[in-house]
Amino acid sequence: MRRNLQGDIVASIPWRKSIAGKMVLIFCSLFAVVLLAVQSVELYGLPYGLFKGSIEEMIDQEFVALGTVADTKKILIESWLKERRSDARIVAVNPVVRALINTPNPSAAMTKTVSTWLASLLDTYQYESISIVDAVTGLPIASAGNHPPGPVTPYSYLQTAARPGVDESIIIVGTQDRIHVVRQLGYEQSDHGEPRALLVIELNTDAVFKPILATPMATLLGKSWEVILADSASGRLIQRMAADSDSPVPATIRDNALQLAQGGSEGTIIDTDYRNVPVLAAYRHIPLSADSSWGLVIKKDKAEVLAPAHRNRQVFLWFSLFGIVIVCLISLIISRALTGPLRMIMSTSAEIESGNLSARVPVLGSDELADLGRTFNAMVDQLQAWHEEL
């Protein structure tokens, strides 16, 4: 507040409306907008592919890693399937096995000979059991390993495996912990292609797929990785490996990545999985036969993938706040330096208004504000001269 020549109280200009206040607000706002724009471009890039942001680059890099792991796992699984099919063919063409299935009522000695040979295969290939069963009843003719009494394979699956033209089947039986490799025997001698017997190799899915799918996932994909292998026809889960292996998992998993893999597609996707968690996933199709296949999905939580970007954003925000404070302080110093002479002119004007015609503005420097002070002083000199003349 100040008083004019008439003694009236005149309100001072609020700081926010002053030149100094406006300069500080404008510079700080402009600096904040520029920082926000730079951060947005750095994180999200520019449209039309002009510039790729760090988030998109992280996602692309993760897709490459997921795809590489998925391709490797697919190759390993297909290699395992090829080896098991080769094992089954070796058994199928064995002369002793052929003699057994072509003999209407094989002797106990013949059956024992075949069972002993099958037992040697168990030790070599680490099967749960291996059996030659009747194609109609499913009852074992010769077998080795541990399996309950009765049919080796449930009847519904037996019918599928024994259909003419189905040389070989990969069957997931009951729960997800057993897999059966089934090969027809003696169909060459049948008039209509029906097999006389079936070779059934039973394996434990954990023993088979855990070494293939789990190693070395934590090193490659971090803390939230998950691998899902499921049957395409039934959707039944064959094997699931994850960093949080104790979390509950439904027996049948249906999410977009798995459905795409089971449908024959391969690629990568950003999606919400069966847990309702956003993930990045690579999916692969593993064909078994003309009408059966598996779907393989390798995925990782999106939150973990983008965690470095979020941490960088937080660091950037803290530095931005620090920068804004510095800019505000510098703007305040500059504004005070620029408006100081103006305030002196205002102060001198107030003195002249109160009747002190001898008041003058101190003039320092040779810039525009100094010229303004000299001009003001010259004007006051002229006014004083006129006043003295009067």
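The structure contained in this document is the topic of the report that follows. (Residues numbered from 1 in each chain as written. Predicted model: local features only at pLDDT ≥ 70, side-chain atom pairs only at ≥ 80, totals over all residues. Heavy atoms only, no water.)

By size, the foremost hydrophobic cluster in this structure holds 53 residues, and its most contacted members are I77, I130, I132, F209 and W294. In terms of residue count, the dominant contributor to this core is helix α2 (residues 54-92) (13 residues). Apart from residues no more than four positions distant in its own chain, I77 is found in contact with F209, I212, L213, L229, I286, W294 and L296. One finds I228, I253, A257 and A261 within the second-largest nonpolar core, a separate group that totals eleven residues. (Core = buried A, V, L, I, M, F, W, Y, C linked by side-chain atoms within 4.5 Å. Buried < 20%, exposed > 50% of the residue type's maximum accessible area, 1.4 Å probe, protein only. Helix = DSSP H or I, 4+ residues; strand = E, 2+ residues; numbered from the N terminus. Contact = heavy atoms within 4.5 Å.)

Within the structure shown, the criterion is met by 14 salt bridges. We note a salt bridge from R84 to D87, for which the minimum N-O separation is 2.9 Å. Within this pair, R84 and its partner D87 are both found in helix α2, separated by three residues, close to a single helical turn. Residue classification places R84 among the buried positions, given a relative accessible area of 9%. Of the residues examined, D87 reaches a relative accessible area of 8% and is grouped as buried. In the salt-bridge network here, residues are joined through shared partners; they are E226, R240, D255, D273, R275, K299 and D301. (Salt bridge = Lys/Arg side-chain N within 4 Å of Asp/Glu carboxyl O.)

Relative to the assigned elements, S232 resides in the loop between β8 (226-231) and β9 (237-242). Since its relative accessible area comes to 15%, S232 is described here as buried. Taking C-alpha positions, S232 is 8.0 Å from Q259, a pair spaced 27 residues apart along the chain. With residues up to four places along the chain from it excluded, the contact list for S232 reads R254, Q262, S293, W294 and G295. A distance of 2.8 Å separates the side chain of S232 from the side chain of S293, its partner in a polar contact. (Polar contact = N/O pair within 3.5 Å; in protein donor to acceptor, adjacent residues only side chain to side chain.)

Another point: the sheet that holds strand β12 (residues 292-301). A sheet is described by the order of its strands in space; here five strands give the open sequence β9-β8-β12-β11-β10, paired in antiparallel fashion. For this open sheet the edge positions go to β9 and β10 (267-272), each flanked by a neighbour on one side alone. On average, each strand axis in the sheet is tilted by 20° relative to the strand beside it, whichever way the strands run. Where α2 meets the sheet, its contacts fall on β8, β10, β11 (278-289) and β12, and the angle it forms with β11 comes to roughly 25°. Strand contacts of helix α6 (residues 205-214): β8, β9 and β12, with the helix running at about 45° to β9, the strand carrying the most contacts. (Pairing = 2+ DSSP bridges. Axes fitted to C-alpha atoms, helices over the stretch in contact; angles between N-to-C directions.)

By the definition in use, this model includes two aromatic pairs. Ring pairs connect the aromatic residues W80, F209 and W294, which therefore count as one cluster. (Phe/Tyr/Trp six-rings, centres within 6.5 Å; stacked < 30°, edge-to-face > 60°.)

A few words on the state of the cysteines. Counted by the stated rule, this structure contains one disulfide. A sulfur-sulfur distance of 2.1 Å marks the disulfide that ties C28 to C328. Here C28 is found in helix α1 (residues 19-44), whereas its partner C328 is found in helix α9 (residues 302-353), with 300 residues between them in sequence. Assessed through its relative accessible area of 9%, C28 is described here as buried. (Disulfide = S-S within 2.5 Å.)

Nothing here speaks to function; it is geometry throughout.
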